[in-house]
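# Coordinates in review
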Amino acid sequence: GQNIDQPTEMTATEGAIVQINCTYQTSGFNGLFWYQQHAGEAPTFLSYNVLDGLEEKGRFSSFLSRSKGYSYLLLKELQMKDSASYLCAVRNDYKLSFGAGTTVTVRA
Amino acid sequence: KAGVTQTPRYLIKTRGQQVTLSCSPISGHRSVSWYQQTPGQGLQFLFEYFSETQRNKGNFPGRFSGRQFSNSRSEMNVSTLELGDSALYLCASSSAAQYQRLVLAKNEQFFGPGTRLTVL
């Protein structure tokens with residue numbers, strides 16, 4: 001089976017940094033994705049990791065450790081528009097399994 | 001390039017009825033996956049279609065079914081609706097199927113806006 005855990009909620013101040021952790025236990029592993037979902041909208045792709053290490057894309061970075069079953073998404077220089085739900089998803093041999101999502105609230 | 005489209009966007013049905021939802025993938029994408037999203041359960045995988053064949057299915061009852069046409073458009077059907085079927089139904093398209101083990105390939109899924117189904 002699949003077990004993907006991430007915190008339910010996080011709050012941070014505009015301009016700050018927030019790190020969203022994701023731990024997983026899955027049968028098979030073929031990549032880990034992070035998606036952003038604003039309220040009432042579709043999830044949009046943020047990042048992809050399949051090898052251990054850090055992937056950086058502008059203000060967003062994602063890290064993966066396959067041996068530890070662990071990933072994090074780092075959001076830097078937070079902006080109000082970053083207030084959203086962040087979904088961790090693991091692909092095993094044949095499908096994507098999603099975590100419940102972490103709601104990030106950015107305060108002014 | 002146009003994104004993933006879903007119709008209808010909103011739907012209200014009563015218990016016992018059936019419903020059909022439609023999804024048109026990004027042009028050139030041959031894989032369509034369907035998900036149910038609820039506040040309590042998050043995103044739950046329903047099934048994936050690739051080249052008109054169901055490639056994988058999640059843990060949902062047989063009341064949930066789907067199909068894919070030769071132009072890659074997909075439909076999802078839910079029969080004998082129950083109150084618990086109220087949810088946002090999302091479809092996502094990708095160029096390759098998720099089961100295809102493409103080494104290091106991202107093959108990310110692009111989501112449509114969803115159909116909000118309310119069962120009364």
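### With respect to the overall build of chain B
Within chain B, the secondary structure is distributed over zero helices and 11 strands. Shown N-terminal to C-terminal, the secondary structure of chain B runs as helices and strands in the order β-β-β-β-β-β-β-β-β-β-β. For chain B, the C-alpha atoms occupy an extent of roughly 45 × 30 × 25 Å along the three principal directions. Per-residue burial for chain B yields a buried fraction of 50% across its 120 residues. Considering only residue pairs separated by 6 or more positions, chain B has 57% of its internal contacts joining residues 24 or more positions apart. Accessible surface for chain B amounts to roughly 5,700 Å². Of this, 49% is attributable to carbon and sulfur atoms. Averaging the coordinates of the 13 positive side-chain charges in chain B and doing the same for the 6 negative ones gives two points 2 Å apart.

### A few points about the overall build of chain A
Counting its secondary structure elements, chain A contains zero helices and 11 strands. For chain A, the α and β elements follow one another from N to C terminus as β-β-β-β-β-β-β-β-β-β-β. Relative to the globule expectation of 13 Å for 108 residues, the C-alpha radius of gyration of chain A, 13 Å, shows essentially globular dimensions. Buried residues in chain A amount to 51% of all 108 residues. Taking all contacts inside chain A whose residues are at least 6 apart in sequence as the whole, residues at least 24 apart take part in 54%. Counting only carbon and sulfur atoms, one obtains 48% of the accessible surface of chain A, whose full area is about 4,900 Å². Charge-centre separation for chain A: the mean point of 9 positive side chains lies 3 Å from the mean point of 10 negative side chains.

### Some points on the sheet that holds strand 1 (residues 5–7) of chain B
Residues and elements named next belong to chain B. Reading across the sheet, the four strands line up as 1-3-8-7 and stay open at both edges, with antiparallel pairing between neighbours. In this open sheet, the two strands that pair with only one neighbour each are strand 1 and strand 7 (64–68). Taking the axes of each pair of neighbouring strands and ignoring which way they run, one obtains an average angle of 20 degrees across the sheet. As judged from the five bridges shared by strand 3 (residues 19–24) and strand 8 (residues 74–78), these two strands associate in the antiparallel manner. Its bridge partner being in strand 8, Ser-22 is matched across the sheet by Glu-75.

### Concerning the state of the cysteines
A full pass over the atoms with the stated rule returns two disulfides over all chains. Between the sulfur atoms of Cys-22 of chain A and its disulfide mate Cys-88 of chain A the distance is 2.0 Å. As the torsion about the S-S bond is roughly -65 degrees, the Cys-22 of chain A-Cys-88 of chain A disulfide counts as left-handed. Linking Cys-22 of chain A in strand 3 (residues 18–25) with Cys-88 of chain A in strand 9 (residues 84–91), this pair joins segments that are 66 residues apart in sequence. On the basis of relative accessible area, Cys-22 of chain A is assigned to the buried category, the value being 0%. Here Cys-88 of chain A falls in the buried class, since its relative accessible area comes to 0%. The residue that forms a disulfide with Cys-23 of chain B is Cys-91 of chain B, at a sulfur-sulfur distance of 1.9 Å. On the sign convention where negative means left-handed, the S-S torsion of about 70 degrees between Cys-23 of chain B and Cys-91 of chain B marks this disulfide as right-handed. Pair noted here: Cys-23 of chain B is in strand 3 and Cys-91 of chain B is in strand 9 (residues 87–94), with a separation of 68 residues, a long-range link.

Analysis parameters
- Residues numbered from 1 in each chain as written.
- Chains lettered and ligands numbered in written order.
- Predicted model: local features only at pLDDT ≥ 70, side-chain atom pairs only at ≥ 80, totals over all residues.
- Heavy atoms only, no water.
- Helix = DSSP H or I, 4+ residues; strand = E, 2+ residues; numbered from the N terminus.
- Buried < 20%, exposed > 50% of the residue type's maximum accessible area, 1.4 Å probe, protein only.
- Contact = heavy atoms within 4.5 Å.
- Areas by Shrake-Rupley, 256 points an atom, 1.4 Å probe, with all protein chains shown as cover.
- Lys, Arg positive; Asp, Glu negative; His and termini not counted.
- Charge placed at Lys NZ, Arg CZ, Asp CG, Glu CD.
- Rg over C-alpha atoms; globule rule 2.2 N^0.38 Å.
- Pairing = 2+ DSSP bridges.
- Axes fitted to C-alpha atoms, helices over the stretch in contact; angles between N-to-C directions.
- Disulfide = S-S within 2.5 Å.

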